[in-house]
Amino acid sequence: MTLVIHLAGNPHYGFFRDELYFIICGFHPAFGYVDQPPIAPLLAAGSQLFGHSLFLLRAIPAIFAAAGAYVTCLLVIELSGGAFAQILAAIAFLFANVLMSFGMKVGPDMVGLWLWPLAALYVLRIVKGGDPKLWLGVGAAIGFSLEAKYSVIFFALALLAGLLLVPQRRVLASRWFFAGAALAVLIALPNFLWQAVHGFPMWELLRNGQQGKNLVASPALYLFQQLLLTNLFLSPVWIIGLIWVLRNRTARFLGYAYVVLTTMMIALGAKHYYAGNAYPILIAAGGVAIEAWTSRRIWLQAALVTVACIAGVFFLPFSLPVLSEEPMVRYAAFVGEWLHVKRSTMQTERLRTSTLPEDWADMHGWPELAGTVAQIYVALPPAEQRQAAIVANNYGEAAAIDFFGKPYGLPPALSGHNNYWLWGTHGYTGDVIIDVNGDCGAASHLFRTARLAARSDPPWVISYEQNIPIMVCTGIKTPISTLWPKLRNYN
């Protein structure tokens, strides 16, 4: 069910900003990138080897979501749950907004949909007396998750802390535990070495984000955000699951792990969704607990499944792009007014505003931007066109130009933003530049001539892509290769 719903609902609107960037990064294969490990970019690029396909791209997170739903059901079974518990847990997994969002678009979090709960499942089996060689499975799950997103480090530390707080800590006194830890390190080592060779750019990026870009929620707001992220009406499932595991002698370490993980996220000022892949564990436990309470009332179980489906569909348009633009705007306004919840409650970054929900807005405008740049490029005199470089303000604009610009014959875009900065100037002198969302270095009088060639303003785009200028700059006074070190923007 999870796979079918995602395959049907995911490929709408258009390519998301980050998806375009992942695709272009993947076409530059590496063991790492400035702002991410390699798995998401490589998978994204692989889906586009035979041409542009939003369906094939979005099939990747759909598969991870389906795998996550399957492992959630396995956790239910491991916790002694039956058919109803599995059904309820699968529904809560599917309609938890944060998990549905991870399964909707390609991103680093999609891998954790499967591997975080899988690691917890293996540890639970070990605690229950299973083969200690399962630590190798835990290590592999953590290691491959690290090759997708670094936040799994905190999940691994939380699992470890949870075990240390219970008598079952004895399972750590095994050579297989250390073998599993070594396997995780070995799998993650190539990316760590890439970061080391490049001066750990991820640290600089995180520091820059905390110093002005990101909005840090208070502890109370962070906890409230967790209710919204997991579907306000379905969040009681995981809350019941948390209480149940904390009272269960065998699974108590999972409850402690969640508490430790949440505490770390609040203390570090993390974005509200960073620990989202931990919720399948509690959802599975919640399904088991609710099944035990309702085991002799089949009618009540049927009613709960019905209510869960209705609650899921109610919030579905916020996690799957199933409504067209105008209806989506009206529906978002209706839900916000009905629940008395402002959109800013879930905002994680400054300057990100839009008429549509932000992720939906960031799926608009990219082909139009590339088309506008192409019109300017082909209109240049032949002598200027041969040496013209296209410089974009951010990786979304640059990736859109690279992805949609090939049919127009556009050269590769340049940008100082994140991994684009590492790819350098491609040998351009900068004497002729098409400056996308820039001003030709007006403050420093960088060029002898600068003219506004066009403005890009497609409908529905996010605020900082609205009515952006596209300039043509000629006669650079300082070669771009000399300027390049100062243009680095890890953010």
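Structural notes, computed from the coordinates. (Residues numbered from 1 in each chain as written. Predicted model: local features only at pLDDT ≥ 70, side-chain atom pairs only at ≥ 80, totals over all residues. Heavy atoms only, no water.)

**Observations regarding the overall build of the protein chain**
Now for step 1: The secondary structure content of the protein chain amounts to 23 helices and five strands.
Now for step 2: Taking 491 residues into account, the globule formula puts the C-alpha radius of gyration at 23 Å, and the protein chain, at 24 Å, falls close to it.
Now for step 3: Overall, the protein chain is about 80 × 50 × 45 Å in size when its C-alpha atoms are taken along their principal axes.
Now for step 4: A separation of at least 24 residues holds for 76% of the contacts in the protein chain among residues at least 6 apart in sequence.
Now for step 5: Side-chain charges of the protein chain comprise 31 positive and 25 negative groups, with the mean position of each set lying 11 Å from the other. (Helix = DSSP H or I, 4+ residues; strand = E, 2+ residues; numbered from the N terminus. Rg over C-alpha atoms; globule rule 2.2 N^0.38 Å. Contact = heavy atoms within 4.5 Å. Lys, Arg positive; Asp, Glu negative; His and termini not counted. Charge placed at Lys NZ, Arg CZ, Asp CG, Glu CD.)

**Focus on the layout of surface pockets**
Now for step 1: Counted as a void, the second largest pocket has a volume near 480 Å³.
Now for step 2: Of all elements in the fold, only strand S1 (388-392), strand S3 (432-436), strand S5 (468-476) and helix H23 (480-483) reach the threshold of two or more residues within the lining of the second largest pocket.
Now for step 3: Among the residues forming the lining of the second largest pocket, the class breakdown is 14 nonpolar, nine polar and three charged. (1 Å grid on protein atoms, 1.4 Å probe; cavity = no way out; pocket = protein on both sides within 12 Å on 5 of 7 lines; lining within 4 Å. Points joined across faces, edges and corners; volume = space filled by probe spheres on them. Nonpolar A, V, L, I, M, F, W, Y, C, P; charged D, E, K, R; others polar.)

**Examining the nonpolar core**
Generally speaking, a soluble globular protein has its nonpolar side chains buried in company with each other.
Now for step 1: In terms of nonpolar packing, the biggest core is built from 157 residues, with Trp135, Phe155, Phe253, Val373 and Val436 touching the most fellow members.
Now for step 2: If one sorts the elements of this core by residue count, helix H7 (residues 109-127) sits on top with 14 residues.
Now for step 3: Among all residues touching Val436, those that are not within four sequence positions of it are Leu369, Val373, Ile390, Val391, Ala392, Asn393, Glu397, Ile401, Ile468, Pro469 and Ile470.
Now for step 4: Ranked by size, the runner-up nonpolar core spans seven residues in total, among them Phe315, Tyr331, Val335 and Val341. (Core = buried A, V, L, I, M, F, W, Y, C linked by side-chain atoms within 4.5 Å. Buried < 20%, exposed > 50% of the residue type's maximum accessible area, 1.4 Å probe, protein only.)

**With respect to the pairing of S5**
Now for step 1: Counting buried positions over the nine residues of S5 gives nine, a clear majority of the element.
Now for step 2: Direction of pairing for S3 relative to S5: antiparallel, over a ladder of five bridges. Each bridged residue has a counterpart across the sheet, and for Val432 the counterpart in S5 is Thr474.
Now for step 3: Where strand S4 (residues 447-456) and S5 come together, eight bridges link them in antiparallel fashion. (Pairing = 2+ DSSP bridges.)

**A closer look at the state of the cysteines**
Now for step 1: Within the structure shown, the criterion is met by one disulfide.
Now for step 2: Considering cysteine sulfurs only, Cys309 is the nearest to Cys73, which forms no disulfide, with 13 Å between them. (Disulfide = S-S within 2.5 Å.)

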